[in-house]
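Listed below, chain by chain, are the residues.
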Amino acid sequence: MRKLVLGLALGDCVHVAGLHGFLRLAATAGYDVKFLGPAVPVDRAVAEIARLRPEIAGISYRLSPEAAGRILGEFAERLRQAGLSEGQRLAFGGTPPVARVAESTGLFERVFGGDVAEAEVLAYLSGEAVAQQRQIPPGKLLPRLAAAAPRPLLRHHFGVPSLEETVAGIAAIAEAGVLDVISIGPDQNAQACFFRQDQMDPAQDGAGGVPLRTAGDLRRLKAASARGNHPLLRCYSGTQDVVRFAEVLSDTIDNAWAAIPLCWYNLLDSRGRRGVEESIGEAQLAMAWHAAQGIPVEVNEAHHWSLRDAPDTVAVAAAYLAAYNAKAAGVRDYIAQFMFNTPPGTSPRMDLAKMLAKLDLIGGLADEGFRVYRQVRAGLSSFPADPDLARGHLASAVAQAIALRPDIVHVVGYCEADHAATAADVIASCKLARGVLNNLWHDSPDASLDQRVQERRRELVGEAAVLLATVHDLGEGHPDPFIDPATLAKAIRLGLLDAPHLKGNPHAAGKVETALVEGACRAVSGDRVLSEMERIEGLLAASHA
């Protein structure tokens, strides 16, 4: 004969949804179940427990903690009078504040408060140990992706101006178990001068991230992550000595994947001291080094252009060039990053169309030797400073990006327009993102099928093809112009790859003008939108004048 689980909502509580879920899981675990209903008076609850003698009596109460204290006290006294204080298994479910009251009574062998995983409830019902060790997820990116599938992994940036606070923060984030990949944010001194510390500017210590100065510092971060759900660690590339820095990251934090810009982290964006052509060559060497080690690579290129208000066509072409260079360097596992909401004001339709156009071009490179993984994120510059508005923005950005069916969601802390994310901010932002994914991942409408999205997608693929063909022609005589640093640097100097924010930059053209027109970032001349062919013809005519 099967054992019985009895369920009831006690006293004047009429909320039974959670209780029904508990009884459903009990039936799954092989019990007979009986539901007494909502608002069961204490005397009746005790009488039915005495009559039925269930294996487990599940008690629910979801009103105020103060009222819970009174009614649970009365319930405990009636159980004592009925001789049921010992030997009768009791479980409780309620809101977190009420659950804390239930815990304090000592009456229940198990209390469930707030969000509880079904696996945890089933483990209790099946008689497994209540305090179970969490299974440690895989310690490498690709097995971890496979273990999480079809859901995406969550990644978040973290690094505060104190090494000690960063170590403690990583430990707290790991214990929270809400994040799969922590992206370490080093300060500018670490990125530029890790091996040349005599060149560091002490005034810049902690600027932009954690002041990493030794391999031991990095090992401390790795040790701090070895708890909770054991998140992977990764770190951005250096802005000089990039291969040496990559070797250190691999040796210390087992860098989950590399993030290497193709045309940036140099004099173009003032984040490094290298020339553009030189840095492109070094970026290619860094890609090849990671490829030889079997480490996945992200070339975070396209959004650097969009962050500077480049035309969408330039961003799409840059996404292709980034992936093309990674493949040419021997990378087998490529992380393609898609930054939404950039430039701010881009409409959701035009944003999605731009990402799909990038994916079309990058996907054309995919084969058995070049696997593409999709990583989506909100645009940092698009976040409002007001924390409540920012939370809404983060939620909407994650919801929009689901259309790409990402493998990785790069969560941006909702607070970033106001302050660098603390560990608590990281945890809150990841929970918010997980809530969106829980609600929308399964069977959401496919926004990519929208007619205007598809029209703009096709337009961008065609415009990018025109731009890429022109860049290719610049490298006449080179066997593969798309991987020739001189050709790419020339494309930037001429303005084929250009952005308004580069105006006055001696290493770029800075000639293009853009405007948001019907939600898309387009090249313009005055009030007139330019096709890519018109823009290029104007540039080439000026260069020959």
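Model, not experiment: these values are computed from the prediction.

A.B. asks: Which parts of the structure should I look at to understand the packing of helix H13 (residues 312–328) against helix H17 (residues 451–474)?
C.D. replies: Each pair of packed helices can be described by the angle between their axes along with the distance between the axes. With their axes 8 Å apart at the nearest point, H13 and H17 run at an angle of 70° to one another. On the basis of the axis angle, H13 is roughly perpendicular to H17. With respect to the hand of their crossing, H13 and H17 are arranged in right-handed fashion. Counting all contacts with H13, which are made through Asp312, Thr313, Val314, Val316, Ala317, Tyr320 and Leu321, the residues of H17 involved are Arg456, Leu460, Glu463, Ala464, Leu467 and Leu468. Of the residues that constitute the contact of H13 with H17, the class distribution is nine nonpolar, one polar and three charged.

A.B. asks: Would you take a moment to explain the packing of helix H9 (residues 215–224) against helix H10 (residues 242–253) for this structure?
C.D. replies: Relative to each other, H9 and H10 sit at 40°, their axes nearing to 8 Å. The pairing of H9 with H10 is recorded here as oblique in orientation. Of the two elements, H9 crosses H10, and the hand of that crossing is right-handed. Contact residues: H9 offers Ala215, Leu218, Arg219 and Lys222, while H10 offers Val248, Leu249, Asp251, Thr252 and Ile253. A class-by-class count of the residues in the contact of H9 with H10 yields five nonpolar, one polar and three charged.

A.B. asks: Explanation requested: the packing of aromatic side chains in the structure shown.
C.D. replies: Centre-to-centre distance and the angle between the planes together describe a pair of aromatic rings. Within this structure, the stated rule accounts for ten aromatic pairs. Ring centres of Phe22 and Phe112 lie 6.5 Å apart, and the angle between their planes is 50°; this geometry places the pair in the tilted category. Here the residue Phe22 occupies a position in helix H1 (residues 17–28), and Phe112 occupies one in strand E5 (residues 110–113), the gap between them amounting to 90 residues. For the residue pair Phe22 and Phe112, the accessibility class agrees, reading buried in each case.

A.B. asks: I keep staring at the pattern of salt bridges and nothing clicks. Help me out?
C.D. replies: A side chain with one charge may pair with a side chain of the opposite charge, provided their charged atoms come close. Applying the stated criterion across every chain yields a total of 31 salt bridges. Here Glu120 makes a salt bridge to Arg110, at a shortest N to O gap of 2.4 Å. Residue Glu120 is found in helix H5 (residues 118–125), and its partner Arg110 is found in strand E5; the two are separated by ten residues along the sequence. We classify Glu120 as partly exposed; its relative accessible area is 36%. Overall, the relative accessible area of 10% leaves Arg110 in the buried class. What you see here is one network of salt bridges that share partners, running through Asp312, Lys354, Arg456, Glu459 and Arg522.

A.B. asks: Could you clarify how one ought to interpret the confidence of the model for the protein chain in this entry?
C.D. replies: The predicted coordinates ought not to be read in detail in places where the model reports low pLDDT. For the protein chain, per-residue confidence averages 94 on the pLDDT scale, and residues scoring 70 or more make up 98% of the total. With pLDDT under 50 throughout, residues 129–133 is counted as low confidence; its partners more than four residues away or in other chains account for two contacts.

A.B. asks: Looking at this structure, how should I read unusual backbone geometry?
C.D. replies: The phi angle of most residues is negative, glycine excepted, and most peptide bonds adopt the trans form. Cis geometry is adopted by the peptide bond preceding Pro150, which originates at Ala149 and carries an omega value of 10°. With respect to the secondary-structure elements, Pro150 resides in the loop between helix H6 (141–148) and strand E6 (153–158). With an omega dihedral of 0°, the bond running from Thr342 to Pro343 counts as a cis peptide bond. Even without a glycine there, the phi angle at Ser270 is positive, about 60°. When you line up the elements, Ser270 lands in the loop between strand E9 (258–259) and helix H11 (276–293). Here Asp309, not a glycine, exhibits a phi torsion of approximately 65°, which is positive. Following the sequence through the fold, Asp309 ends up in the loop between helix H12 (302–306) and H13. Given a relative accessible area of 26%, Asp309 falls into the partly exposed group.

A.B. asks: Is there a simple way to think about the sheet that holds strand E2 (residues 32–40) in this case?
C.D. replies: Paired through their backbone hydrogen bonds, the strands of a sheet run either parallel or antiparallel. If you walk across this open sheet you meet the five strands as E2-E1-E3-E4-E5, and the pairing is parallel. Looking at the sheet topology across the chains shown, the edges are occupied by E2 and E5. Averaged over all neighbouring strand pairs, the angle between strand axes comes to 15°, with direction disregarded. Looking at chain direction, strand E4 (residues 89–94) and E5 are connected through four bridges and run parallel. Across the sheet, residue Ala91 finds its bridge partner in E5, namely Arg110. Each of strand E3 (56–60), E4 and E5 touches H5; the most contacted strand, E5, lies at about 165° to it.

Criteria and cut-off values
- Residues numbered from 1 in each chain as written.
- Predicted model: local features only at pLDDT ≥ 70, side-chain atom pairs only at ≥ 80, totals over all residues.
- Heavy atoms only, no water.
- Axes fitted to C-alpha atoms, helices over the stretch in contact; angles between N-to-C directions.
- Helix = DSSP H or I, 4+ residues; strand = E, 2+ residues; numbered from the N terminus.
- Parallel < 35°, antiparallel > 145°, perpendicular 65-115°, else oblique.
- Left-handed = near helix turned anticlockwise from the far one by under 90°.
- Contact = heavy atoms within 4.5 Å.
- Nonpolar A, V, L, I, M, F, W, Y, C, P; charged D, E, K, R; others polar.
- Phe/Tyr/Trp six-rings, centres within 6.5 Å; stacked < 30°, edge-to-face > 60°.
- Buried < 20%, exposed > 50% of the residue type's maximum accessible area, 1.4 Å probe, protein only.
- Salt bridge = Lys/Arg side-chain N within 4 Å of Asp/Glu carboxyl O.
- pLDDT = per-residue confidence, 0-100.
- Pairing = 2+ DSSP bridges.

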